[in-house]
Amino acid sequence: MEPRLNGKGLIISLIFFLLKFSTAIEIPPSVQQVPTIIKQSKVQVAFPFDEYFQIECEAKGNPEPTFTWTKDGNPFHFTDHRIITSNNSGTFRIPNEGHISHFQGKYRCFASNKLGIAMSEEIEFIVPSVPKFPKEKIDPLEVEEGDPIVLPCNPPTGLPPLHIYWMNIELEHIEQDERVYMSQKGDLYFANVEEKDSRNDYCCFAAFPRLRTIVQKMPMKLTVNSLKHANDSSSSTEIGSKANSIKQRKPKLLLPPTESGSESSITILKGETLLLECFAEGLPTPQVDWNKIGGDLPKGRETKENYGKTLKIENASYQDKGNYRCTASNFLGTATHDFHVIVEEPPHWTKKPQSAVYSTGSNGILLCEAEGEPQPTIKWRVNGSPIDNHPFAGDVVFPREISFTNLQPNHTAVYQCEASNVHGTILASANVDVVDVRPLIQTKDGENYATVVGYSAFLHCEFFASPEAVVSWQKVEEAKPLEGRRYHVYDNGTLQINRTTEEDAGSYSCWVENAIGKTAVTANLDIRNATQLRVSPKNPRIPKLHMLELHCESKCDLHLKHSLKLSWSKDGEAFEINGTEDGRIIIDGANLTISNVTLEDQGIYCCSALTALDSAADITQVTVLDVPDPPENLHLSERQNRSVRLSWEAGDDHNSNISEYIVEFEGNKEDPGRWEELTRVQGKKTTVILPLAPFVRYQFRVIAVNEVGRSQPSQPSDHHETPPAAPDRNPQNIRVQASQPKEMIIKWEPLKSMEQNGPGLEYRVTWKPQGAPVEWEEETVTNHTLRVMTPAVYAPYDVKVQAINQLGSGPAPQSVTLYSGEDYPDTAPVIHGVDVINSTLVKVTWSTIPKDRVHGRLKGYQINWWKTKSLLDGRTHPKEVNVLRFSGQRNSGMVPSLDAFSEFHLTVLAYNSKGAGPESEPYIFQTPEGVPEQPTFLKVIKVDKDTATLSWGLPKKLNGNLTGYLLQYQIINDTYEIGELNDINITTPSKPSWHLSNLNATTKYKFYLRACTSRGCGKPITEESSTLGEGKYAGLYDDISTQGWFIGLMCAIALLTLVLLTVCFVKRNRGGKYSVKEKEDLHPDPEIQSVKDETFGEYSDSDEKPLKGSLRSLNRDMQPTESADSLVEYGEGDHALFNEDGSFIGAYAGSKEKGSVESNGSSTATFPLRA
């Protein structure tokens, strides 16, 4: 059996218990008791569209009650065969068949057994008739213009509510105004008719919405005779006097009608709406006003409708009774009517008799009190009959109470109290059951209960007992009643254990005992662990527009895990289950995510857990940070020529303290509207004295800064203008721009607008040769440059620049040293020699030029070289100058990346900032032989079981006279064992192939081939191949060439090739062209290709090397690689590769110009160097 779920954290459970403890005693069905009406119909209307009409009456009792009915106070028998009754019930149905109007009346149900009779309230059954206007002939109405008239409606009676409308035959509403009014009864009143009121289709419509019926009265014709169409024989004077006599009259009340007199009475029930109406005829149309005699109209509940003709007071109370007066008036007079309003009320209970269970010999009392207006009369009934017919000895009966003494079983009955006045009757029943029975425990034996540690537990023991019983609880194993403040037993037998602990778990017994006997049941209590929650992060501070992620970690008893439900709320308002529709807030169980956080997201977030037994919650305070609001109310004070005090008020910091304020100003004449930062102020200060410059019209604004960012700027302050003054500073960064020889173009940074301090800014420039005993030369300019001619090239000068304006000069300027313009060097260095380091690297030495021949600041020396011919074939090369510069004062340099076994010419020149001087005489030198490059290819063209034939191509660069090849091979089967390296020296360099024999069958080999000169062998090229198996494919290459199919295949391929060549030749003759790239690929320039492929020190770790495990080195008898030289090894790398500003200047020049190299290195091109 599942344990019942209890816990003080569950509000529903608490309400349930409170209601359970407060309800009257319920007699178990097994105990004999008088009947009780448990269900009955109210007013029942027989609507014509219903299939049947059901009149209900249900009752309980022991023995089972029987039912009888009365209609209009007389016994009602179900003699009509159409009536359908129900077994063990008083309910019956009347089918909507045929004529049923004779069923209309007031019914009462009686449920009886041997102990008593219960009586229902009256049930009215209404059979409404179909409302109809009578068929009648309505005579036309004819009136003179200005006369009053009333069009009667006289609607038929029918089931309320009734709605009346006046319309024409086209169903257009007759317009109502101050002159035309429809009364509550439906009549249409005209205070005075006009010619436009004439029509022949005034129709009154009566609507009965509950019957879904609208009926129409026959149309009425109204004719208004206008005085303008009087008899032509009448004079205009007669017509005018007649019109005046009709139109000029004082008000006369038409509603209430004249026969009611000047006063009338109206009775209204309390709580209903009071409607008073007044309508008067007259010309001009009278105005209606309302007042209460001796008091004021109730404010808030009274309204005047229909142009003041109706006074409406809602929810009428006793304070609304009294005299009300309506006054109709025009300028000719008034008419009044007084309404005497009486407020009454149907009966309502103030004390109802209560059912009770008594034991023999006990006493009791029944109270019955009601109020109403008029005061209700109270009558008692016993078992549906007047109490006078059932006297008991010792009973005392008063109009409002019945008291019993020494009750006996024959007192058992149903007592009815009826209160009535002219407005209705109400009925209340009370059962008096005199019973003697031992306790009957209604709670099942062995019920299981559960609660959470620290919560209250409720163990039920509902019982019925008469006489009264005593309830006691005990733990089964202790066998003694529970005592202590933690235990409380309610009147209905329920045990409450407060602040439960794990020791409270176990079985309990409930004992109920009265004078008749005693009974017991057991209950089992289980104690669970309390649910715990923790929301993280705690009290986060998150910037606006960031993402907020909250997690709710829960810990729950395993027995409660299935019922655990988590929910989120903010400031007490729960979120939707999955968040918001726009997806900005997403709730996924224990996770709450808010994207693009706004200030409205700030608040207290609560994660709540609800289980079957307890609840828990944890909160976190989310603070949303934002940039501050702009400062406000900027104010300037303490105004001085060079300073002013700025004060402001801080804006909202949005939960992040302001760390500083940025004060900006605007006033730059050169860039108006541009705001610049002036100073910064600590966040706690809101005032600062600002230093100012002369001759500026200032305006200030302030920006607040916090950890999130900057606020919007504040509104600008008032303007503050400072007077002009002499300059405070002189120009900076005085320098000479590149110029011609014997020329100085002096430049400086001009003063900014904010530094000029006044109008008429100029610059006074003074200069003289450095150290010369001569006067300073001077010139004043308005711009920030000055051209000065000098007698000498690259001579030092002392120069000063001072700022001046209309109010004076700036401070005394500092002198700076500048040099006049440079010229090209006019002499060339002398080459002392070229030392050949190896086949690709040489060292050049030269003599430096005298300082006075530099004509400027020496920047370094430049080496130009070009290849003239190859010593291998004697072929002459076109002049292609290469350039390499060396910065600083030096007399040697290394030239790398030369072609081996070649002749070169080389010159040296000096250069300065102006450019390069003349070249030295060419120096001729030759490079020695080097090792060749690797062969262009290596292929295994034929293989057998123990032989292989290899073929290869010549190296691209021989770098000397080829002496032969070194062929090496070794076994490399897919095992850890590597075979011995075998060497073969091939001394015939012209032979491009070699046949190897005595190889192992079905074995994989790796072959290495190097080209060699007298200086050694170059890098190897490799190839791998496997020999064939024993006899399997032996002689494959020899036999295949003799096969007929092979010969045929070769012939077909040759024929196809011939056809393709013919097509290409024809297309070319028709104008087909190869692209430039294709031509270069097909016919490469060997010289250009050699330049592209040759790089300084071009050896890398990716070069082929023999595999580990070789018994002998591949490099035996070989010289070290000559082209692996590095400038760094000779101490020249830093100087040769980088110029004085740190940039790389080594070059493989592509210049094809003859003669000297152009100045400034315009023809140089960097070449790749590899370490």
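In what follows, the structure referred to is the one given above.
Being a predicted model, the structure only gives us computed values, none of them experimental.

The rules behind the values
Residues numbered from 1 in each chain as written. Predicted model: local features only at pLDDT ≥ 70, side-chain atom pairs only at ≥ 80, totals over all residues. Heavy atoms only, no water. Disulfide = S-S within 2.5 Å. Helix = DSSP H or I, 4+ residues; strand = E, 2+ residues; numbered from the N terminus. Buried < 20%, exposed > 50% of the residue type's maximum accessible area, 1.4 Å probe, protein only. Salt bridge = Lys/Arg side-chain N within 4 Å of Asp/Glu carboxyl O. Pairing = 2+ DSSP bridges. Phe/Tyr/Trp six-rings, centres within 6.5 Å; stacked < 30°, edge-to-face > 60°.

Engineer: Tell me about the state of the cysteines, and name the residues and values.
Structural biologist: Under the definition given, this model contains seven disulfides. Here Cys552 pairs with Cys607 through a disulfide, and the sulfurs are 2.0 Å apart. Here the S-S torsion is close to -85 degrees, and the disulfide linking Cys552 with Cys607 is therefore left-handed. Remark: Cys607 occurs in strand 55 (residues 603-610) and Cys552 occurs in strand 50 (residues 548-555); sequence separation between them is 55 residues. Taking relative accessible area as the criterion, Cys552 reaches 2% and is therefore assigned buried.

Engineer: Please provide a residue-by-residue account of the pattern of salt bridges, values included.
Structural biologist: Evaluated as defined, the whole model comprises 43 salt bridges. Residues Arg584 and Asp601 are paired through a salt bridge, measuring 2.8 Å at the closest nitrogen-oxygen approach. Note that Arg584 is positioned in the loop between strand 52 (573-574) and strand 53 (585-588) and Asp601 in the loop between strand 54 (591-594) and strand 55, a separation of 17 residues in sequence. With a relative accessible area of 23%, Arg584 lands in the partly exposed category. Note that Asp873 and Arg875 form a salt bridge whose closest N and O atoms lie 3.8 Å from each other. Residue class for Arg875 comes out partly exposed when judged on its relative accessible area of 41%. Salt bridges linked by common partners bring Arg108, Glu122, Arg381 and Glu418 together as one network.

Engineer: Please provide a residue-by-residue account of the sheet that holds strand 37 (residues 413-421), values included.
Structural biologist: Judged by pairing direction, the sheet is mixed, and its five strands sit side by side in the order 30-38-37-33-34 without closing on themselves. A single partner strand is all that each edge strand has here, and the edge strands are strand 30 (356-358) and strand 34 (385-386). Across three bridges, the pairing between strand 30 and strand 38 (residues 424-434) is parallel. Directly across from Tyr358, in strand 38, lies its bridge partner Val434.

Engineer: Explain the packing of aromatic side chains residue by residue, including any values.
Structural biologist: Per the stated rule, a full pass over the model turns up 27 aromatic pairs. Aromatic side chains Phe76 and Phe78 sit 5.6 Å apart centroid to centroid with 80 degrees between the ring planes, which places their arrangement in the edge-to-face category. Residue Phe76 is classed as buried on the basis of its relative accessible area of 14%. Residues Phe404 and Tyr415 carry aromatic rings whose centres are separated by 5.4 Å and whose planes lie at 70 degrees to one another, so their mutual orientation is edge-to-face. Of this pair, Phe404 sits in strand 36 (residues 401-404) while Tyr415 sits in strand 37, placing them eleven residues apart in sequence. Through a chain of ring-to-ring contacts, the aromatic side chains of Trp69, Phe76, Phe78, Phe92 and Tyr107 assemble into a single cluster.

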